[in-house]
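# Fold and geometry: a report
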Amino acid sequence: MLVLFETPGGLALFNVLDEAKIRNVDDLWRSFETQSQAQKIISLNKFVKFEDSVEAVAAAASMVECKVGKTLKKLLKKAEGETLGVADAKLGAAIKEKLSINCICDSSINELLRGIRAHAESFLDVGSSLKSMQLGLAHGLSRYKLKFSPDKVDTMIVQAIGLLDDLDKELNTYAMRLKEWYGWHFPEMMKIVPDNLMYARTVQRMGMRTSAKATDLSAVLPEELEAEVKESAEISMGTEISEHDLDNILMLCEQVVELGEYRAQLFSYLKNRMAAIAPNLTVMVGELVGARLIAHAGSLLNLAKHPASTVQILGAEKALFRALKTKHDTPKYGLIYHASLVGQAQPKHKGKISRILAAKCSLSVRVDALSDSDQVTIGIESRHKVEERIRQLEGRPLLGDARAAAARAKPTDVYYPPAVPAATYNPLGDSADVGKKPKKDKADKKGRKDANGAEGGEAKKKKRDADGDEDGEAKKKKKKDK
(Lines give C-alpha, C1' and ligand atoms only; values in the text may rest on other atoms or scores of the structure.)
Protein backbone atom coordinates (compact mmCIF):
# COMPACT_ATOMS: atom_id res chain seq x y z
CA MET A 1 0.00 0.00 0.00
CA LEU A 2 1.22 3.49 -0.90
CA VAL A 3 0.36 6.87 0.60
CA LEU A 4 0.48 10.16 -1.35
CA PHE A 5 1.93 13.03 0.71
CA GLU A 6 2.02 16.66 -0.48
CA THR A 7 4.66 19.13 0.67
CA PRO A 8 5.62 22.67 -0.42
CA GLY A 9 8.91 21.25 -1.71
CA GLY A 10 7.49 18.40 -3.79
CA LEU A 11 5.29 15.29 -3.87
CA ALA A 12 6.20 12.11 -2.02
CA LEU A 13 5.09 8.47 -2.02
CA PHE A 14 5.44 6.40 1.19
CA ASN A 15 5.26 2.65 1.59
CA VAL A 16 3.13 1.36 4.45
CA LEU A 17 5.18 -1.38 6.14
CA ASP A 18 2.62 -2.53 8.69
CA GLU A 19 -0.95 -2.23 7.44
CA ALA A 20 -2.36 -3.93 10.53
CA LYS A 21 -1.34 -1.06 12.80
CA ILE A 22 -3.02 1.68 10.74
CA ARG A 23 -6.39 -0.06 11.10
CA ASN A 24 -6.44 0.84 14.79
CA VAL A 25 -7.07 4.56 14.30
CA ASP A 26 -7.36 5.49 17.98
CA ASP A 27 -3.88 4.21 18.89
CA LEU A 28 -2.10 5.05 15.62
CA TRP A 29 -0.65 8.29 17.00
CA ARG A 30 1.41 6.29 19.51
CA SER A 31 3.37 4.77 16.60
CA PHE A 32 4.58 8.24 15.55
CA GLU A 33 5.78 9.55 18.93
CA THR A 34 9.41 9.14 17.85
CA GLN A 35 11.17 8.98 14.51
CA SER A 36 12.39 5.43 15.09
CA GLN A 37 8.82 4.27 15.73
CA ALA A 38 7.61 6.03 12.57
CA GLN A 39 10.30 4.32 10.46
CA LYS A 40 8.87 0.94 11.47
CA ILE A 41 5.49 1.82 9.90
CA ILE A 42 6.39 3.87 6.81
CA SER A 43 9.31 4.31 4.45
CA LEU A 44 9.95 6.74 1.60
CA ASN A 45 9.28 5.23 -1.83
CA LYS A 46 9.77 8.20 -4.16
CA PHE A 47 10.07 11.97 -3.89
CA VAL A 48 9.65 14.38 -6.83
CA LYS A 49 11.01 17.82 -5.95
CA PHE A 50 9.59 21.03 -7.46
CA GLU A 51 12.07 22.91 -9.61
CA ASP A 52 10.70 26.39 -8.83
CA SER A 53 7.76 28.18 -7.22
CA VAL A 54 5.81 28.29 -10.51
CA GLU A 55 5.78 24.48 -10.70
CA ALA A 56 4.84 24.28 -7.02
CA VAL A 57 1.88 26.63 -7.48
CA ALA A 58 0.71 24.79 -10.62
CA ALA A 59 0.88 21.38 -8.86
CA ALA A 60 -0.87 22.66 -5.73
CA ALA A 61 -3.58 24.40 -7.78
CA SER A 62 -4.27 21.28 -9.84
CA MET A 63 -4.58 19.16 -6.68
CA VAL A 64 -6.87 21.71 -5.02
CA GLU A 65 -9.06 21.59 -8.13
CA CYS A 66 -8.92 17.75 -8.00
CA LYS A 67 -7.01 17.44 -11.27
CA VAL A 68 -4.07 15.18 -12.10
CA GLY A 69 -1.13 17.42 -13.05
CA LYS A 70 2.14 16.64 -14.81
CA THR A 71 4.13 16.29 -11.59
CA LEU A 72 1.58 13.90 -10.09
CA LYS A 73 1.50 11.79 -13.25
CA LYS A 74 5.30 11.58 -13.14
CA LEU A 75 5.18 10.44 -9.51
CA LEU A 76 2.49 7.78 -10.00
CA LYS A 77 3.88 6.45 -13.27
CA LYS A 78 5.06 3.12 -11.74
CA ALA A 79 2.33 2.77 -9.11
CA GLU A 80 -0.12 0.81 -11.23
CA GLY A 81 -1.64 -2.20 -9.47
CA GLU A 82 -1.04 -0.66 -6.03
CA THR A 83 -3.57 0.74 -3.56
CA LEU A 84 -3.04 4.45 -2.98
CA GLY A 85 -4.08 6.36 0.10
CA VAL A 86 -5.00 10.03 -0.52
CA ALA A 87 -6.29 12.87 1.64
CA ASP A 88 -9.05 14.00 -0.76
CA ALA A 89 -11.71 11.61 -2.05
CA LYS A 90 -12.34 13.71 -5.18
CA LEU A 91 -8.65 13.67 -6.03
CA GLY A 92 -8.68 9.88 -5.58
CA ALA A 93 -11.58 9.59 -8.01
CA ALA A 94 -9.67 11.69 -10.59
CA ILE A 95 -6.53 9.52 -10.17
CA LYS A 96 -8.57 6.33 -10.58
CA GLU A 97 -10.19 7.72 -13.74
CA LYS A 98 -6.97 8.95 -15.34
CA LEU A 99 -4.38 6.38 -14.18
CA SER A 100 -6.54 3.37 -13.18
CA ILE A 101 -5.11 3.26 -9.64
CA ASN A 102 -7.38 2.23 -6.76
CA CYS A 103 -7.52 4.97 -4.13
CA ILE A 104 -8.84 4.98 -0.57
CA CYS A 105 -9.63 7.93 1.69
CA ASP A 106 -10.77 7.29 5.26
CA SER A 107 -9.96 8.24 8.83
CA SER A 108 -6.99 5.84 9.05
CA ILE A 109 -5.31 7.50 6.03
CA ASN A 110 -5.86 10.96 7.51
CA GLU A 111 -4.33 9.87 10.82
CA LEU A 112 -1.40 8.31 8.96
CA LEU A 113 -0.79 11.53 7.00
CA ARG A 114 -0.85 13.46 10.26
CA GLY A 115 1.94 11.26 11.61
CA ILE A 116 3.97 11.60 8.38
CA ARG A 117 3.62 15.40 8.55
CA ALA A 118 5.11 15.41 12.06
CA HIS A 119 8.34 13.74 10.82
CA ALA A 120 8.38 15.05 7.22
CA GLU A 121 11.73 16.88 7.45
CA SER A 122 13.51 13.76 8.64
CA PHE A 123 12.14 11.65 5.79
CA LEU A 124 12.52 14.20 2.96
CA ASP A 125 15.54 16.03 1.64
CA VAL A 126 14.09 19.48 0.96
CA GLY A 127 17.21 21.52 1.63
CA SER A 128 15.53 24.30 3.64
CA SER A 129 12.85 24.70 6.27
CA LEU A 130 9.38 23.54 5.26
CA LYS A 131 7.77 26.45 7.12
CA SER A 132 9.32 29.11 4.86
CA MET A 133 8.38 27.03 1.81
CA GLN A 134 4.81 26.72 3.10
CA LEU A 135 4.55 30.50 3.45
CA GLY A 136 5.80 31.15 -0.09
CA LEU A 137 3.52 28.51 -1.58
CA ALA A 138 0.53 29.86 0.37
CA HIS A 139 1.09 33.36 -1.02
CA GLY A 140 1.55 32.06 -4.56
CA LEU A 141 -1.52 29.85 -4.36
CA SER A 142 -3.61 32.70 -2.96
CA ARG A 143 -2.62 34.93 -5.86
CA TYR A 144 -3.44 32.17 -8.31
CA LYS A 145 -6.84 31.49 -6.75
CA LEU A 146 -7.67 35.17 -6.77
CA LYS A 147 -6.34 35.48 -10.35
CA PHE A 148 -4.31 38.43 -9.09
CA SER A 149 -3.77 41.11 -11.67
CA PRO A 150 -3.14 44.81 -11.03
CA ASP A 151 -5.63 45.67 -13.78
CA LYS A 152 -8.38 43.49 -12.29
CA VAL A 153 -8.44 44.71 -8.67
CA ASP A 154 -11.90 46.12 -8.03
CA THR A 155 -10.83 47.37 -4.58
CA MET A 156 -9.35 50.40 -6.34
CA ILE A 157 -12.78 51.23 -7.78
CA VAL A 158 -14.49 50.90 -4.39
CA GLN A 159 -11.97 53.24 -2.76
CA ALA A 160 -11.93 55.70 -5.66
CA ILE A 161 -15.72 56.17 -5.83
CA GLY A 162 -15.86 56.57 -2.04
CA LEU A 163 -13.13 59.22 -2.15
CA LEU A 164 -14.86 60.95 -5.07
CA ASP A 165 -18.10 61.29 -3.10
CA ASP A 166 -16.20 62.61 -0.07
CA LEU A 167 -14.37 65.12 -2.26
CA ASP A 168 -17.66 66.38 -3.72
CA LYS A 169 -19.03 67.01 -0.20
CA GLU A 170 -15.88 68.76 0.97
CA LEU A 171 -15.59 70.79 -2.22
CA ASN A 172 -19.19 72.00 -1.95
CA THR A 173 -18.68 72.92 1.71
CA TYR A 174 -15.49 74.85 1.01
CA ALA A 175 -16.96 76.63 -2.02
CA MET A 176 -20.07 77.67 -0.09
CA ARG A 177 -17.91 79.06 2.71
CA LEU A 178 -15.79 80.95 0.16
CA LYS A 179 -18.83 82.53 -1.49
CA GLU A 180 -20.29 83.59 1.84
CA TRP A 181 -16.96 84.99 3.01
CA TYR A 182 -16.01 86.89 -0.15
CA GLY A 183 -19.69 87.79 -0.70
CA TRP A 184 -19.41 90.43 2.02
CA HIS A 185 -16.93 92.25 -0.19
CA PHE A 186 -18.38 91.52 -3.65
CA PRO A 187 -21.92 90.00 -3.34
CA GLU A 188 -22.89 90.52 -7.00
CA MET A 189 -20.21 88.13 -8.24
CA MET A 190 -22.01 85.15 -6.70
CA LYS A 191 -24.80 85.33 -9.28
CA ILE A 192 -22.52 86.21 -12.20
CA VAL A 193 -20.10 83.27 -11.68
CA PRO A 194 -22.08 80.25 -10.37
CA ASP A 195 -19.34 77.61 -10.97
CA ASN A 196 -17.36 76.90 -7.78
CA LEU A 197 -13.95 76.32 -9.37
CA MET A 198 -14.31 79.28 -11.72
CA TYR A 199 -15.37 81.49 -8.79
CA ALA A 200 -12.28 80.53 -6.74
CA ARG A 201 -9.90 81.17 -9.65
CA THR A 202 -11.51 84.52 -10.32
CA VAL A 203 -11.06 85.58 -6.69
CA GLN A 204 -7.42 84.40 -6.83
CA ARG A 205 -6.66 86.56 -9.85
CA MET A 206 -8.69 89.61 -8.89
CA GLY A 207 -8.19 89.96 -5.14
CA MET A 208 -9.92 93.20 -4.12
CA ARG A 209 -12.86 94.21 -6.28
CA THR A 210 -11.27 97.62 -6.81
CA SER A 211 -8.57 95.97 -8.93
CA ALA A 212 -11.07 94.12 -11.14
CA LYS A 213 -10.89 96.68 -13.94
CA ALA A 214 -7.12 96.36 -14.27
CA THR A 215 -7.07 92.55 -13.99
CA ASP A 216 -7.08 90.28 -17.04
CA LEU A 217 -9.64 87.53 -16.37
CA SER A 218 -9.75 86.13 -19.91
CA ALA A 219 -7.88 82.97 -18.85
CA VAL A 220 -10.51 82.20 -16.20
CA LEU A 221 -13.83 83.60 -17.46
CA PRO A 222 -15.54 83.90 -20.84
CA GLU A 223 -15.53 87.33 -22.42
CA GLU A 224 -19.15 88.22 -21.58
CA LEU A 225 -18.79 87.14 -17.93
CA GLU A 226 -15.52 89.06 -17.60
CA ALA A 227 -17.17 92.26 -18.80
CA GLU A 228 -20.12 91.75 -16.45
CA VAL A 229 -17.84 91.14 -13.44
CA LYS A 230 -15.82 94.29 -14.14
CA GLU A 231 -18.97 96.36 -14.58
CA SER A 232 -20.51 95.05 -11.36
CA ALA A 233 -17.29 95.62 -9.40
CA GLU A 234 -17.51 99.38 -10.02
CA ILE A 235 -21.03 99.71 -8.61
CA SER A 236 -20.88 96.93 -5.98
CA MET A 237 -22.59 97.54 -2.65
CA GLY A 238 -20.25 95.20 -0.69
CA THR A 239 -18.29 96.20 2.40
CA GLU A 240 -14.57 96.88 2.54
CA ILE A 241 -12.17 94.19 3.83
CA SER A 242 -8.58 94.37 5.03
CA GLU A 243 -5.51 92.83 3.45
CA HIS A 244 -5.32 90.29 6.27
CA ASP A 245 -8.89 89.16 5.52
CA LEU A 246 -8.05 88.86 1.83
CA ASP A 247 -5.00 86.68 2.60
CA ASN A 248 -7.16 84.15 4.42
CA ILE A 249 -9.74 84.20 1.64
CA LEU A 250 -7.02 83.55 -0.94
CA MET A 251 -5.75 80.59 1.11
CA LEU A 252 -9.26 79.12 1.02
CA CYS A 253 -9.37 79.74 -2.76
CA GLU A 254 -6.16 77.78 -3.14
CA GLN A 255 -7.68 74.84 -1.25
CA VAL A 256 -10.80 74.88 -3.45
CA VAL A 257 -8.74 74.97 -6.66
CA GLU A 258 -6.49 72.12 -5.51
CA LEU A 259 -9.46 69.97 -4.49
CA GLY A 260 -11.16 70.65 -7.83
CA GLU A 261 -8.06 69.68 -9.82
CA TYR A 262 -7.55 66.53 -7.74
CA ARG A 263 -11.22 65.57 -8.23
CA ALA A 264 -10.82 65.83 -12.02
CA GLN A 265 -7.67 63.69 -11.86
CA LEU A 266 -9.45 61.11 -9.65
CA PHE A 267 -12.41 60.91 -12.02
CA SER A 268 -10.05 60.27 -14.94
CA TYR A 269 -8.38 57.49 -12.95
CA LEU A 270 -11.78 55.97 -12.07
CA LYS A 271 -12.83 56.11 -15.72
CA ASN A 272 -9.72 54.18 -16.80
CA ARG A 273 -10.15 51.59 -14.02
CA MET A 274 -13.79 50.98 -14.94
CA ALA A 275 -12.88 50.56 -18.61
CA ALA A 276 -10.30 47.91 -17.65
CA ILE A 277 -12.27 46.01 -14.99
CA ALA A 278 -15.93 46.30 -16.05
CA PRO A 279 -16.08 47.47 -19.68
CA ASN A 280 -19.55 46.01 -20.41
CA LEU A 281 -21.10 47.47 -17.26
CA THR A 282 -19.54 50.85 -18.09
CA VAL A 283 -21.18 50.84 -21.53
CA MET A 284 -24.56 50.07 -19.96
CA VAL A 285 -24.75 52.55 -17.06
CA GLY A 286 -21.62 54.72 -17.19
CA GLU A 287 -18.55 54.96 -14.96
CA LEU A 288 -20.08 56.60 -11.87
CA VAL A 289 -23.22 54.45 -11.61
CA GLY A 290 -21.24 51.28 -12.36
CA ALA A 291 -18.64 52.12 -9.71
CA ARG A 292 -21.36 52.85 -7.13
CA LEU A 293 -23.02 49.51 -7.87
CA ILE A 294 -19.70 47.68 -7.39
CA ALA A 295 -18.96 49.61 -4.18
CA HIS A 296 -22.44 48.93 -2.79
CA ALA A 297 -22.15 45.19 -3.49
CA GLY A 298 -18.62 45.06 -2.05
CA SER A 299 -16.83 43.73 -5.13
CA LEU A 300 -17.37 42.93 -8.79
CA LEU A 301 -17.77 39.22 -8.01
CA ASN A 302 -20.38 39.91 -5.33
CA LEU A 303 -22.30 42.08 -7.78
CA ALA A 304 -22.15 39.27 -10.35
CA LYS A 305 -23.78 36.92 -7.82
CA HIS A 306 -26.80 39.21 -7.39
CA PRO A 307 -29.90 38.49 -9.50
CA ALA A 308 -31.30 41.19 -11.76
CA SER A 309 -34.12 41.99 -9.31
CA THR A 310 -31.54 42.82 -6.62
CA VAL A 311 -29.42 44.91 -8.99
CA GLN A 312 -32.54 46.92 -9.87
CA ILE A 313 -33.21 48.09 -6.27
CA LEU A 314 -29.60 48.09 -5.06
CA GLY A 315 -29.22 51.23 -2.96
CA ALA A 316 -32.92 51.47 -2.01
CA GLU A 317 -32.90 48.84 0.75
CA LYS A 318 -34.32 51.20 3.37
CA ALA A 319 -37.28 52.11 1.14
CA LEU A 320 -37.80 48.42 0.30
CA PHE A 321 -38.04 47.27 3.92
CA ARG A 322 -40.19 50.26 4.86
CA ALA A 323 -42.57 49.37 2.01
CA LEU A 324 -42.69 45.72 3.11
CA LYS A 325 -43.32 46.73 6.70
CA THR A 326 -46.14 49.17 5.86
CA LYS A 327 -47.50 46.96 3.02
CA HIS A 328 -47.05 49.68 0.40
CA ASP A 329 -45.61 49.48 -3.12
CA THR A 330 -41.95 48.49 -3.22
CA PRO A 331 -39.42 50.79 -4.95
CA LYS A 332 -38.81 50.30 -8.67
CA TYR A 333 -35.19 51.43 -8.78
CA GLY A 334 -32.20 52.30 -6.64
CA LEU A 335 -28.77 53.48 -7.81
CA ILE A 336 -29.65 52.43 -11.36
CA TYR A 337 -32.10 55.36 -11.54
CA HIS A 338 -29.15 57.70 -12.27
CA ALA A 339 -28.21 55.80 -15.44
CA SER A 340 -28.63 57.76 -18.67
CA LEU A 341 -30.94 55.15 -20.21
CA VAL A 342 -33.44 55.47 -17.34
CA GLY A 343 -33.21 59.25 -17.61
CA GLN A 344 -34.12 59.11 -21.31
CA ALA A 345 -37.39 57.27 -20.61
CA GLN A 346 -40.68 58.99 -19.84
CA PRO A 347 -41.72 59.02 -16.16
CA LYS A 348 -44.41 56.38 -16.69
CA HIS A 349 -41.88 54.05 -18.36
CA LYS A 350 -38.96 54.45 -15.93
CA GLY A 351 -39.94 51.36 -13.92
CA LYS A 352 -40.04 49.12 -16.99
CA ILE A 353 -36.78 50.48 -18.37
CA SER A 354 -35.02 50.08 -15.01
CA ARG A 355 -36.11 46.42 -14.89
CA ILE A 356 -34.84 45.75 -18.43
CA LEU A 357 -31.62 47.64 -17.76
CA ALA A 358 -31.02 45.71 -14.52
CA ALA A 359 -31.38 42.40 -16.39
CA LYS A 360 -28.84 43.46 -19.04
CA CYS A 361 -26.49 44.87 -16.37
CA SER A 362 -26.60 41.58 -14.48
CA LEU A 363 -25.46 39.69 -17.60
CA SER A 364 -22.79 42.30 -18.36
CA VAL A 365 -21.36 42.13 -14.83
CA ARG A 366 -21.09 38.34 -15.00
CA VAL A 367 -19.19 38.57 -18.27
CA ASP A 368 -16.86 41.20 -16.78
CA ALA A 369 -16.26 39.26 -13.56
CA LEU A 370 -15.82 35.74 -14.92
CA SER A 371 -14.17 36.25 -18.33
CA ASP A 372 -10.53 37.04 -19.00
CA SER A 373 -11.27 39.59 -21.71
CA ASP A 374 -10.98 43.30 -20.95
CA GLN A 375 -12.83 44.36 -24.12
CA VAL A 376 -16.51 45.23 -24.61
CA THR A 377 -18.30 42.04 -25.73
CA ILE A 378 -22.04 42.18 -25.01
CA GLY A 379 -22.36 45.74 -23.71
CA ILE A 380 -23.07 47.52 -26.99
CA GLU A 381 -25.65 44.99 -28.13
CA SER A 382 -27.41 45.01 -24.75
CA ARG A 383 -27.56 48.80 -24.71
CA HIS A 384 -29.02 48.78 -28.21
CA LYS A 385 -31.79 46.41 -27.05
CA VAL A 386 -32.68 48.69 -24.15
CA GLU A 387 -32.80 51.69 -26.49
CA GLU A 388 -35.07 49.74 -28.85
CA ARG A 389 -37.40 48.96 -25.94
CA ILE A 390 -37.55 52.67 -25.07
CA ARG A 391 -38.50 53.50 -28.65
CA GLN A 392 -41.16 50.78 -28.61
CA LEU A 393 -42.75 52.05 -25.38
CA GLU A 394 -42.79 55.62 -26.71
CA GLY A 395 -44.41 54.52 -29.99
CA ARG A 396 -41.49 55.52 -32.19
CA PRO A 397 -40.43 53.34 -35.15
CA LEU A 398 -37.86 50.68 -34.32
CA LEU A 399 -34.45 50.63 -35.93
CA GLY A 400 -33.63 47.35 -37.69
CA ASP A 401 -30.32 45.60 -37.19
CA ALA A 402 -28.81 47.02 -40.38
CA ARG A 403 -30.13 50.51 -39.71
CA ALA A 404 -28.99 50.29 -36.08
CA ALA A 405 -25.47 49.35 -37.17
CA ALA A 406 -25.44 52.25 -39.62
CA ALA A 407 -26.75 54.61 -36.95
CA ARG A 408 -23.97 53.58 -34.58
CA ALA A 409 -21.38 53.94 -37.33
CA LYS A 410 -22.33 57.47 -38.36
CA PRO A 411 -24.16 60.33 -36.61
CA THR A 412 -27.90 60.44 -37.10
CA ASP A 413 -29.39 63.00 -39.46
CA VAL A 414 -30.86 66.06 -37.83
CA TYR A 415 -34.61 66.38 -38.34
CA TYR A 416 -35.74 69.74 -39.68
CA PRO A 417 -39.49 70.53 -39.52
CA PRO A 418 -41.24 71.73 -42.70
CA ALA A 419 -40.86 75.40 -43.45
CA VAL A 420 -43.66 77.64 -42.19
CA PRO A 421 -44.36 80.88 -44.11
CA ALA A 422 -43.18 83.92 -42.21
CA ALA A 423 -45.85 86.10 -40.62
CA THR A 424 -46.41 89.48 -42.33
CA TYR A 425 -47.40 92.81 -40.83
CA ASN A 426 -51.15 93.30 -40.45
CA PRO A 427 -52.08 97.02 -40.74
CA LEU A 428 -55.56 96.33 -39.36
CA GLY A 429 -53.94 95.78 -35.99
CA ASP A 430 -53.44 99.56 -35.71
CA SER A 431 -57.23 100.26 -35.89
CA ALA A 432 -58.82 101.86 -32.86
CA ASP A 433 -61.83 99.52 -33.14
CA VAL A 434 -59.74 96.47 -32.32
CA GLY A 435 -61.34 94.64 -29.43
CA LYS A 436 -64.87 96.18 -29.91
CA LYS A 437 -67.85 94.08 -30.86
CA PRO A 438 -68.98 94.46 -34.52
CA LYS A 439 -72.13 96.54 -35.08
CA LYS A 440 -75.29 94.62 -35.79
CA ASP A 441 -77.29 95.12 -38.99
CA LYS A 442 -80.44 97.30 -38.53
CA ALA A 443 -82.64 95.00 -40.65
CA ASP A 444 -81.69 92.02 -38.55
CA LYS A 445 -82.28 93.94 -35.36
CA LYS A 446 -85.76 95.09 -36.58
CA GLY A 447 -86.72 91.60 -37.71
CA ARG A 448 -85.80 90.14 -34.33
CA LYS A 449 -87.79 92.88 -32.59
CA ASP A 450 -90.91 92.21 -34.73
CA ALA A 451 -90.67 88.53 -34.06
CA ASN A 452 -90.28 89.11 -30.34
CA GLY A 453 -93.25 91.55 -30.41
CA ALA A 454 -95.52 89.07 -32.19
CA GLU A 455 -94.61 86.31 -29.76
CA GLY A 456 -95.21 88.62 -26.82
CA GLY A 457 -98.66 89.79 -28.20
CA GLU A 458 -99.92 86.25 -28.59
CA ALA A 459 -98.89 85.40 -25.08
CA LYS A 460 -100.65 88.46 -23.63
CA LYS A 461 -103.85 87.64 -25.57
CA LYS A 462 -103.92 84.09 -24.26
CA LYS A 463 -103.43 85.37 -20.74
CA ARG A 464 -106.36 87.88 -21.07
CA ASP A 465 -108.69 85.19 -22.42
CA ALA A 466 -107.83 82.88 -19.56
CA ASP A 467 -108.44 85.63 -16.99
CA GLY A 468 -111.79 86.52 -18.61
CA ASP A 469 -113.01 82.92 -18.51
CA GLU A 470 -112.12 82.65 -14.83
CA ASP A 471 -114.00 85.90 -14.03
CA GLY A 472 -117.13 84.73 -15.96
CA GLU A 473 -117.28 81.46 -14.10
CA ALA A 474 -116.88 83.21 -10.80
CA LYS A 475 -119.86 85.59 -11.56
CA LYS A 476 -122.12 82.70 -12.63
CA LYS A 477 -121.35 80.85 -9.42
CA LYS A 478 -122.10 83.91 -7.35
CA LYS A 479 -125.55 84.45 -9.00
CA LYS A 480 -126.48 80.83 -8.48
CA ASP A 481 -125.66 81.01 -4.84
CA LYS A 482 -127.95 84.02 -4.44
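What you are looking at is a predicted structure, and each value in this text was computed from that prediction instead of being measured.

Within the protein chain one finds 23 helices and 5 strands. Taken across its 482 residues, the protein chain has 35% of its residues classed as buried. Within the protein chain, contacts between residues at least 6 apart in sequence are counted, and of these 63% link residues at least 24 apart. Counting every atom, the protein chain has about 31100 Å² of accessible surface; 53% of that belongs to carbon and sulfur.

Below, the discussion takes up a negative patch on the surface. A cluster of acidic side chains, namely Glu223, Glu224, Glu228 and Glu231, defines a negative patch on the protein surface. Tracing the sequence through the fold places Glu224 in helix H12 (residues 223-234).

Tyr182, Val285, Leu303 and Leu357 are the most contacted members of the largest nonpolar core, which totals 64 residues. Broken down by element, the residue count for this core peaks at 11 residues, all from helix H13 (residues 243-277). Setting aside residues no more than four positions away along its own chain, Leu303 makes contact with Leu281, Leu293, Ile294, Ala297, Val311, Leu314 and Val365. Formed by 25 residues, the second largest nonpolar core is a distinct cluster that contains Leu4, Phe50, Ala61 and Leu84.

Another aspect to go through is the pattern of salt bridges. By the definition in use, this model includes 12 salt bridges. A salt bridge links Glu180 to Arg177, with the nearest nitrogen and oxygen atoms 3.4 Å apart. Here Glu180 pairs with Arg177, and both are found in helix H9 (residues 155-183), just 3 residues apart, close to one helical turn. Given a relative accessible area of 51%, Arg177 falls into the exposed group. For Lys385, the salt bridge identified is with Glu381, shortest N-O distance 3.8 Å. Residue Lys385 and its partner Glu381 are both found in helix H21 (residues 379-393); the two are separated by 4 residues, about one turn of the helix.

The rules behind each value
- Residues numbered from 1 in each chain as written.
- Predicted model: local features only at pLDDT ≥ 70, side-chain atom pairs only at ≥ 80, totals over all residues.
- Heavy atoms only, no water.
- Helix = DSSP H or I, 4+ residues; strand = E, 2+ residues; numbered from the N terminus.
- Buried < 20%, exposed > 50% of the residue type's maximum accessible area, 1.4 Å probe, protein only.
- Contact = heavy atoms within 4.5 Å.
- Areas by Shrake-Rupley, 256 points an atom, 1.4 Å probe, with all protein chains shown as cover.
- Patch = residues over 30% accessible without salt bridge, like charges linked within 9 Å, V, L, I, M, F, W, Y side chains within 5 Å.
- Salt bridge = Lys/Arg side-chain N within 4 Å of Asp/Glu carboxyl O.
- Lys, Arg positive; Asp, Glu negative; His and termini not counted.
- Charge placed at Lys NZ, Arg CZ, Asp CG, Glu CD.
- Core = buried A, V, L, I, M, F, W, Y, C linked by side-chain atoms within 4.5 Å.

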